[in-house]
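Results of the structural survey
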Amino acid sequence: MADQGASENGKYDGIAKTLHWIVALFMIVMLIFAWDMEDDDTQTLAVHSSLGLSVLFLMLARLYWRRAHTPPALPAQMPRWQVIASKASHHSLYFFTILQALFGLGQSMYGDLDVRPFGVLEVGVGENETLYELFHELHELNAMLLVALVLLHLAAALYHHFVLKDTVLKRMLPYGRV
């Protein structure tokens, strides 16, 4: 695909920023909802599932957009190990966020609750306790991994902003000036 999105001003474009921050907001809300969620709380599960499917679609849109619009280059003075770590952590965030939604979908498909994302989508295919438990455990483990990756991502952004005083964080902020 074309390199249309490679920013001359070193910032992400508006669509990339919007997708990033909407996904971040949805993930925070889902974690808050999920923290104390009971297995039989169908209304909370419906909100959580609706946001989860939204994140899945938004992440697929982000992948498509990123393929067509190259992100701005990392600072030239960044050590090679940091470049590798940055790329690995970003790829991991994409991969495990999409995987999280798929695990959640699998859990909803095989659970005994009538969870309807957006109030209309029927995702259940029939109760299967073994598959439900498998997807449930994978969803929980992956959530912990995602929290660690998000914290690493946040720590790296703050390190770049406050310690290195470079533009890495500013280029993704909605009104950041680079």
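Use the structure listed above.
Computed from a predicted model, the values in this text were never measured in an experiment.

1. Focus: the overall build of the protein
Along the protein, the regular secondary structure elements total 4 helices and 0 strands. Taken from the N to the C terminus, the helices and strands of the protein come in the order α-α-α-α. In terms of its C-alpha atoms, the protein occupies a principal-axis envelope of roughly 55 × 30 × 25 Å. Split into buried and exposed, the 178 residues of the protein put 37% on the buried side. Here the contacts in the protein between residues at least 6 apart in sequence split such that 74% fall between residues at least 24 apart. For the protein, the exposed area adds up to about 11100 Å²; of that, 66% sits on carbon and sulfur atoms. Charged side chains of the protein number 12 positive and 17 negative; the gap between the two group centres comes to 26 Å.

2. Let's talk about helix 1 (residues 14–35)
A rise of 1.5 Å per residue sets the reference length of helix 1, with its 22 residues, at 32 Å; its end C-alpha atoms lie 31 Å apart and thus fit the reference within 8%. Turning to helix 1, its buried residues number three or more, namely A16, K17, L19, H20, V23, M27 and M30. In this structure D13 caps helix 1, since a side-chain oxygen of it lies 3.2 Å from the backbone nitrogen of I15.

3. Examining unusual backbone geometry
The residue F118 is not glycine, and still its phi comes out positive at about 60°. Note that F118 resides in the loop between helix 3 (80–110) and helix 4 (129–164). Of note, K165 is a non-glycine position whose phi angle comes to about 55°, a positive value. When you line up the elements, K165 lands in the segment after helix 4. Classification of K165 as exposed rests on a relative accessible area of 64%.

4. Some words on a nonpolar patch on the surface
A surface patch of nonpolar side chains, amounting to about 800 Å² of accessible area, comprises L31, V147, L151, L154, L158, Y159, F162, V163 and L164. Relative to the helices and strands, L154 is located in helix 4.

5. A few points about the side chain of S54
Mapped onto the secondary structure, S54 falls in helix 2 (residues 42–68). Within polar-contact distance, the side chain of S54 engages the backbone oxygen of S50 at 2.9 Å. Excluding its chain neighbours within four sequence positions, the residues that come into contact with S54 are F26 and F118.

6. Observations concerning the pattern of salt bridges
Applying the stated criterion to the full structure yields 1 salt bridge. Of the charged contacts in the structure, one is a salt bridge between R116 and E122, with a shortest N-O distance of 3.1 Å. Overall, R116 belongs to the partly exposed group, its relative accessible area being 32%.

Calculation rules
Residues numbered from 1 in each chain as written. Predicted model: local features only at pLDDT ≥ 70, side-chain atom pairs only at ≥ 80, totals over all residues. Heavy atoms only, no water. Helix = DSSP H or I, 4+ residues; strand = E, 2+ residues; numbered from the N terminus. Buried < 20%, exposed > 50% of the residue type's maximum accessible area, 1.4 Å probe, protein only. Contact = heavy atoms within 4.5 Å. Areas by Shrake-Rupley, 256 points an atom, 1.4 Å probe, with all protein chains shown as cover. Lys, Arg positive; Asp, Glu negative; His and termini not counted. Charge placed at Lys NZ, Arg CZ, Asp CG, Glu CD. Expected span 1.5 Å × (residues − 1). Polar contact = N/O pair within 3.5 Å; in protein donor to acceptor, adjacent residues only side chain to side chain. Patch = residues over 30% accessible without salt bridge, like charges linked within 9 Å, V, L, I, M, F, W, Y side chains within 5 Å. Salt bridge = Lys/Arg side-chain N within 4 Å of Asp/Glu carboxyl O.

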